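For reference, the chains in residue letters:
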Protein chains: 2
Amino acid sequence: MTADQQNTLNQVTPREPAMILVEPQMPENIGGAARAMWNFGLTKMRLVAPRDGWPSPKAVAMASGAGRLLDNARHFGTTAEAVADLTHVYATTARPRGMTKRVLEPEAAMREAGERIAAGERVGVLFGRERTGLETDDIVRANTIVTVPVNPEFPSLNLAQCVLLIGYEWRRLADAAPRAVASETEMAASAEVERMIDHLVEELDEAGFFFPPEKRDSMLVNLANLFRRAPLTTPEVRTLRGVIRALAVKRRGS
Amino acid sequence: MTADQQNTLNQVTPREPAMILVEPQMPENIGGAARAMWNFGLTKMRLVAPRDGWPSPKAVAMASGAGRLLDNARHFGTTAEAVADLTHVYATTARPRGMTKRVLEPEAAMREAGERIAAGERVGVLFGRERTGLETDDIVRANTIVTVPVNPEFPSLNLAQCVLLIGYEWRRLADAAPRAVASETEMAASAEVERMIDHLVEELDEAGFFFPPEKRDSMLVNLANLFRRAPLTTPEVRTLRGVIRALAVKRRGS
């Protein structure tokens, strides 16, 4: 990479995490989330398949002073597409659902997100549907779970409130914390990791690894979580793909 | 005080700060504030003259799972009455309006509130009206201002969101922090300090202290703030009243 390319990359790298709303149902809540973001200076919203379509005049009306965020919001068809370019994804959910994933509270998560962004990473935070939250299929795409320490008898935060608490912690720490210097390592984007896992699953299918067949889904979830637990660098993903290829060739050859 | 009296006192001392809503306008927002409180395990709500009266079926409907808080909420006619029994009052406001008052962010305020409560104090947090916030007359009754570090371009937190952030910090620190042991000093309740200030103002009026007359209001605010900056103990308030009395007698006598 030339120095010029590096400069361009730095300019387009967002200096804040993207807030990613997964299949929000009520346009009012998209507007409320935009206001909660802008209360704490966050501007990068991504939307995954809002139920009532996009753009949404209702959402804009509800956003009042934060309408610009919605004008600039990026729209995606699936969670996978929405996180494809990100190197680290946080999922806000109250229930880790027995997955082996790292769980942080908002403060620790946003401190870490700030360090990652300062080091040149691209970071996003997933927020689930109003009624049902994030589904397993969204959560496996995340590297880290963020859980707000709510009253277990009444854990009913709404979408905008959840965005508000994450934004609050982001701003608090962004105001206070010294930032790490940019690291030399290039972290792998979510899409690279996903292609690697797809490649692996393809080979494992061919090898008859998933047995009995009714266990395939849960085995896939475990695998996807496993490779997203520790952040991977691009060279590491390349290495893993080499390993998969090598094993597959060996098996085919034997 | 006998050991029995001490035990009774301990039992009735609330182990959490009271959330005090000053003249809330919309019953929906009272309900929303109740939910925000209960999300983080807070239960003690006080209401100062809600615009649409009390009790309010609308507020209860909006509180859904947190209706019990509204059943137990205490209703007052004025801010002074609502804080009368408290030894330390926090006021949430974005604008210190040129008053010389201590300003803390929510985390530091709730850490301190926890320490005060552990030491036997009675603590409350004031929240202002939806459109206009707290007025000077409310703020002078507070010992400390709490300011949320919002985006200065868009500082539009609503009532329930403000309660939510205070509740979040309370719970976070209550879960984590070791508590101080109860101190021996008896802190003065807000009403004691208020009576002392009234006494002082009465004497000062008689002495022609407030001159020119059009400056009286701002001088009163400065005085009220001055005596609420540092927390006073009951013996200290008694001493101050003695000082006021002594000075007044001396003047009358001369």
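As annotated in an unreviewed UniProt entry, chain A is RNA methyltransferase from Pikeienuella piscinae. Here chain A is described in UniProt, under the heading Sequence similarities (unreviewed entry), as follows: "Belongs to the class IV-like SAM-binding methyltransferase superfamily. RNA methyltransferase TrmH family."

Peer 1: Even after reading the chapter, I still don't get the packing of aromatic side chains, so can you show me in this structure?
Peer 2: One pass over the structure, following the stated rule, counts five aromatic pairs over all chains. Aromatic pair Phe40 of chain A and Tyr168 of chain A: ring centres 5.8 Å apart, planes at 70°, arrangement edge-to-face. Of this pair, Phe40 of chain A sits in the loop between α2 (27-39) and β2 (45-48) while Tyr168 of chain A sits in helix α8 (residues 159-176), and the two are 128 residues apart along the sequence. Judged by relative accessible area, which is 0%, Tyr168 of chain A ranks as buried. Note on Tyr168 of chain A and Tyr168 of chain B: the rings are 6.2 Å apart at their centroids and 90° apart in plane angle, and the pair reads as edge-to-face. Of this pair, Tyr168 of chain A sits in helix α8 while Tyr168 of chain B sits in helix α8 (residues 159-176), which puts the two residues in different chains. Per residue, the accessibility class of Tyr168 of chain A equals that of Tyr168 of chain B, and both read buried. Taken together, Phe40 and Tyr168 of chain A together with Phe40 and Tyr168 of chain B form an aromatic cluster joined through their ring pairs. Taking NZ or CZ as reference, Arg68 of chain A lies 5.2 Å from the ring centre of Trp38 of chain A, over its face.

Procedures and definitions
- Residues numbered from 1 in each chain as written.
- Chains lettered and ligands numbered in written order.
- Predicted model: local features only at pLDDT ≥ 70, side-chain atom pairs only at ≥ 80, totals over all residues.
- Heavy atoms only, no water.
- UniProt positions renumbered as here; feature names shortened; annotations may be inferred.
- Phe/Tyr/Trp six-rings, centres within 6.5 Å; stacked < 30°, edge-to-face > 60°.
- Helix = DSSP H or I, 4+ residues; strand = E, 2+ residues; numbered from the N terminus.
- Buried < 20%, exposed > 50% of the residue type's maximum accessible area, 1.4 Å probe, protein only.
- Lys NZ or Arg CZ within 6 Å of the ring centre and 35° of its normal.

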